[in-house]
Amino acid sequence: MNIQELDQKYVLPTYARAAVEFVRGENATLFDADGKKYIDFTSGIGVVSVGHANKRVADALCEQVNAITHISNLYYIAPQAKAAQKVVEASGYDMQCFFGNSGAEANEGAIKIARKHGERDGEIKRYKIITLNHSFHGRTITTVKATGQEAMHNYFGPFPDGFVYADGIDAIESLLDDHTAGVMIELIQGEGGVEPQDKEKVQKLAKLLKEKEIPLIVDEVQTGCYRIGAFTASQAYGIEPEIITLAKGVGGGVPVGIVMTTLKEVLAAGDHGSTFGGNYLSTRAVCEVVDILNERKESGDLEITSLMFNKALEDFYKKHQDIFIQKVGIGMMCGLRVKDAETLSKIINNARDNGVMVLKAGRNTLRFLPPLTITKEEIDEGFKALTAAVSGL
Ligand SMILES: *Cc1c(COP(=O)(O)O)cnc(C)c1O
């Protein structure tokens, strides 16, 4: 059996896969089993932030694997403590971290912190979590329910109670009541279609929530770890959330989720935990990824790369006004609105045939989440392939 047959026979069919098998990568360049080359404008949905097969990450992981990969959270774990320090310092917030294994798990942790915090004086049980329509917070039963998309609530119930959806930032205030334990938002909705929130509105909301002592949870699973320029989008928006979640890019390809919070006293020993979370392997990756990106931030390379990518995207957009209606996004989390959904899926398939990987978001957005280390040559080659992909439409 070839790989595709093997997968179809033994793997549950939860993904509509494209018929490509990648075998090797180098920064933003990928090679499939036939030796065909592709430029990766996806980072595997914002994960491989420092590129494929990053030498520094690979070397650090090899060294770690040869020493120790796992014991348990019953003991002190050096790379976990160091990763927490690096993440907290890069954020600039006075927070502490809990390490899990995915974005959904980080958001579960965030909800647990907000709810336990909500029970602090015992009289009123604060349990409601307000999220936004078109949001995406994960695939566990709770985070599916936290996700403000009706279509995702069709099966799997009964769900945990207490999730309330607001139709935009403006609608949150009127939903706040004595039972509200937290408000969870993405500053740029990713899966929802690369939709940045308005900075002033977010700042107003953050201020209101502070006055009411309701924790603001910012889901930075996609926006975090320098994706939009600052370490967190929260810093770029000039707010001080009580809880931030990170995952995707922060492990550079190794599964890791982080919930970080100013509410350091809420969870006590035994309230939360994870077998794998924070182990030597994943947190060593976090240390290396954050170091690499801190250096790129300081040297200015991060900004240069973002400017180069956006310039190329803008040029491409301007040349194809018959197909695209708007350029959206911030930093290296960007997109082009396509005139219709059908054209969008054609572009994605054509792009792959022409050797460039791009993503879909929402109904009609062509999404770009390139590695933050993508080179000028890779950008040029990728847009050349994309130009070829749209010329045949
Ligand atoms: C991807 C994503 C998640 C879910 O992360 P997993 O690692 O797949 O559980 C949650 N929130 C946002 C904003 C995401 O983009």
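Details of the structure are given in the entry above.
These numbers come from a predicted model, not from an experiment.

### Focus: the site of the ligand
Around the ligand, a shell composed of Ser-102, Gly-103, Ala-104, Asn-107, Phe-136, His-137, Gly-138, Glu-186, Asp-219, Val-221, Gln-222 and Lys-248 is seen. Ala-104 has a polar backbone atom sitting 2.7 Å from an oxygen atom of the ligand. A distance of 2.6 Å separates an oxygen atom of the ligand from a polar atom in the side chain of Lys-248. Its free accessible area being 380 Å², the ligand has 81% of it covered by the protein chains. With three residues, helix 5 (residues 103-118) is the largest single contributor of residues to the shell around the ligand.

### Examining the packing of aromatic side chains
The way to describe two aromatic rings as a pair is by their centre distance and the angle between their planes. Under the defined criterion, the tally for this structure stands at 11 aromatic pairs. Ring geometry for Phe-316 and Phe-383: centres 5.7 Å apart, planes at 50 degrees, overall tilted. In this pair, Phe-316 sits in helix 10 (residues 301-319) while Phe-383 sits in helix 12 (residues 376-391), placing the two residues 67 residues apart along the sequence. Considering the side-chain rings of Phe-368 and Phe-383, the 6.1 Å spacing of their centres and the 25 degrees angle between planes classify their relative orientation as stacked. Here Phe-368, found in strand 17 (residues 365-368), pairs with Phe-383, found in helix 12; they are 15 residues apart in sequence, far enough to count as distant. What makes Phe-383 buried here is its relative accessible area of 7%. Ring-pair connections join several aromatic residues into one group, and the members of that group are Phe-41, Phe-309, Phe-316, Phe-324, Phe-368 and Phe-383. If you follow Arg-24 out to its NZ or CZ, it ends over the ring of Phe-31, 4.3 Å from the centre.

### Some remarks on the sheet that holds strand 15 (residues 356-357)
With mixed pairing, the four strands of this open sheet are ordered in space as 1-2-3-15. With partners counted over all chains shown, the strands left at the sheet margins are strand 1 (22-26) and strand 15, one partner each. As paired elements, strand 3 (residues 37-40) and strand 15 share two bridges and run parallel to each other. Looking at the pairing, Ile-39 lines up with Val-356 of strand 15. Running over the sheet, helix 12 touches strand 1, strand 2 (29-32), strand 3 and strand 15 and is turned about 105 degrees from strand 3.

### A closer look at the sheet that holds strand 17
Each strand in a sheet pairs with its neighbour through backbone hydrogen bonds, running either in the same direction (parallel) or in the opposite one (antiparallel). Strand order across the open sheet formed by four strands is 13-14-17-16, with antiparallel pairing between neighbours. Only two strands of the sheet have a single partner each, and these edge strands are strand 13 (324-330) and strand 16 (359-361). Between one strand axis and the next, the sheet turns through 30 degrees on average, direction left out of account. Sheet analysis places strand 14 (residues 333-338) next to strand 17, joined by four bridges and oriented antiparallel. Note on strand 17: the bridge partner recorded for Arg-337 is Thr-365. Relative to strand 17, helix 11 (residues 341-353) is tilted by about 35 degrees, and along the sheet it contacts strand 13, strand 14, strand 16 and strand 17.

How each quantity is defined
What you see as residue numbers is a count from 1 along each chain, following the sequence as written. The predicted nature of this model means local features are confined to residues of pLDDT at least 70 and side-chain atom pairs, given and counted, to a pLDDT of 80 or more, with totals for whole chains, interfaces and linings taken over all residues. Side-chain figures throughout are based on the complete set of non-hydrogen atoms in the structure, without hydrogens or water. Nearness is judged by heavy atoms alone; a residue qualifies as near a molecule or strand once a single heavy atom is within 4 Å of it. Counting of polar contacts relies on pairs of N or O atoms within 3.5 Å, with two restrictions inside protein: one atom must be capable of donating a hydrogen and the other of accepting it, and residues adjacent in sequence are counted only when both atoms are side-chain atoms. Accessible surface area values rest on a Shrake-Rupley calculation with a 1.4 Å probe, where residue burial reflects the displayed protein chains alone. A run of H or I in DSSP becomes a helix once it reaches four residues, and a run of E becomes a strand once it reaches two; helices and strands are each numbered from the N terminus. Two aromatic rings from Phe, Tyr or Trp, using only the six-membered ring of Trp, form a pair when their centres are within 6.5 Å; if the ring planes differ by under 30 degrees the pair is stacked, by over 60 it is edge-to-face, and anything between is tilted. In this scheme, a residue with accessible area under 20% of its type's maximum is buried, one over 50% is exposed, and one in between is partly exposed, where area comes from a 1.4 Å probe on protein chains only. Put simply, a charge is over a ring when the Lys NZ or the Arg CZ is close to the ring centre, within 6 Å, and near the line of the ring normal, within 35 degrees. Two strands pair under a simple rule: DSSP has to find at least two bridges between them. In what follows, a contact means two residues having at least one pair of non-hydrogen atoms within 4.5 Å. All axes here are fitted lines through C-alpha atoms, helices being fitted over the stretch that makes contact, and every angle between N-to-C directions spans 0 to 180 degrees.

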